[in-house]
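The lines below spell out each chain.
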Amino acid sequence: MGAWLVRGVWTGLLHGAVQAGVVAVAVRSPEAAGSVRVIAFGLVVVVGVLWGALDAWRRFDGRGMCWFFASLVAGPLAGVVGVVGTGMLVDQTGTESLWPALTGGAAFTALVVLASAAVGMGLGNLLPQPEESR
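Residues numbered from 1 in each chain as written. Predicted model: local features only at pLDDT ≥ 70, side-chain atom pairs only at ≥ 80, totals over all residues. Heavy atoms only, no water.

**Student:** Just checking my understanding: could you explain the overall build of the chain for this structure?
**Tutor:** Within the chain one finds four helices and zero strands. For the chain, the N- to C-terminal ordering of α and β elements is α-α-α-α. Its C-alpha atoms put the chain at 55 × 30 × 20 Å along the principal axes. Split into buried and exposed, the 134 residues of the chain put 32% on the buried side. Relative to all contacts within the chain whose residues are 6 or more apart in sequence, the contacts with residues 24 or more apart total 82%. Surface exposure of the chain reaches about 7,800 Å², of which carbon and sulfur atoms provide 72%. (Helix = DSSP H or I, 4+ residues; strand = E, 2+ residues; numbered from the N terminus. Buried < 20%, exposed > 50% of the residue type's maximum accessible area, 1.4 Å probe, protein only. Contact = heavy atoms within 4.5 Å. Areas by Shrake-Rupley, 256 points an atom, 1.4 Å probe, with all protein chains shown as cover.)

Set out below in structure tokens:
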């Protein structure tokens, strides 16, 4: 399995699950929705930054294109997981919510995945590199 597919699937599942969780919290506890949304967004950004930094620190070859393709996988997958999760946890969300999730929502998720991984790769390049195995 390609490294980009692993990164794309896991980040897509994380973003979709977080999206459904935020909607579930917002419905059940509207007063906590604002802070939960910020914390959830921070969580998904931190995961991308850490994973990107780890790739740069380990000198993973082709990490830029790997994260580009991973973001293209993560966006639509997060949209589908978010709609399914919202339908199961919150209300009777149906297929009418799928098109907006696969267009605007997927584009935003892909941008968040790619930007956070790029910041992480930049930070990972600043870290002292591990010594080569001998």
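We are not done yet, so read on.
**Student:** When you look at the packing of aromatic side chains in this model, what are you seeing that I'm missing?
**Tutor:** One pair of aromatic rings is described through two measures. These are the centre distance and the angle between the planes. Within this structure, the stated rule accounts for four aromatic pairs. Relative to Trp67, the ring of Trp51 has its centre 5.6 Å away and its plane inclined at 85°; by these criteria the two rings are edge-to-face. In this pair, Trp51 sits in helix H2 (residues 33-57) while Trp67 sits in helix H3 (residues 63-89), placing the two residues 16 residues apart along the sequence. Take Trp51: its relative accessible area is 22%, and that puts it in the partly exposed class. (Phe/Tyr/Trp six-rings, centres within 6.5 Å; stacked < 30°, edge-to-face > 60°.)

**Student:** Can you walk me through the nonpolar core in this structure?
**Tutor:** Generally speaking, a soluble globular protein has its nonpolar side chains buried in company with each other. Listed in full, the seven residues of the largest apolar core are Ala56, Trp67, Ala70, Ala74, Val113, Ala117 and Met121. Listing elements by their share of this core, those giving two or more residues are H3 and helix H4 (98-126). Look past the residues within four positions of Ala56 in its chain and what remains in contact with it is Arg63, Met121, Gly124, Asn125 and Gln129. (Core = buried A, V, L, I, M, F, W, Y, C linked by side-chain atoms within 4.5 Å.)

**Student:** Explain the side chain of Thr109 to me, please; I cannot follow it from the model alone.
**Tutor:** With respect to the helices and strands, Thr109 occurs in helix H4. In this view, Thr109 contacts His15, Ala74, Gly75 and Ala78; residues no more than four positions away in its chain are not counted.

**Student:** Got a minute to help me understand helix H1 (residues 3-28) in this structure?
**Tutor:** The α-helix advances 3.6 residues per turn, and as a result positions three or four apart in sequence lie on the same side. For H1, built from 26 residues, the straight-helix expectation of 38 Å at 1.5 Å per residue is met to within 8% by its first-to-last C-alpha distance of 38 Å. If you check which residues of H1 are buried, you get Arg7, Gly8, Thr11, Gly12, His15, Gly16, Val18, Ala20, Val22 and Ala24. Here the buried face of H1 lies against H2, H3 and H4. (Expected span 1.5 Å × (residues − 1).)

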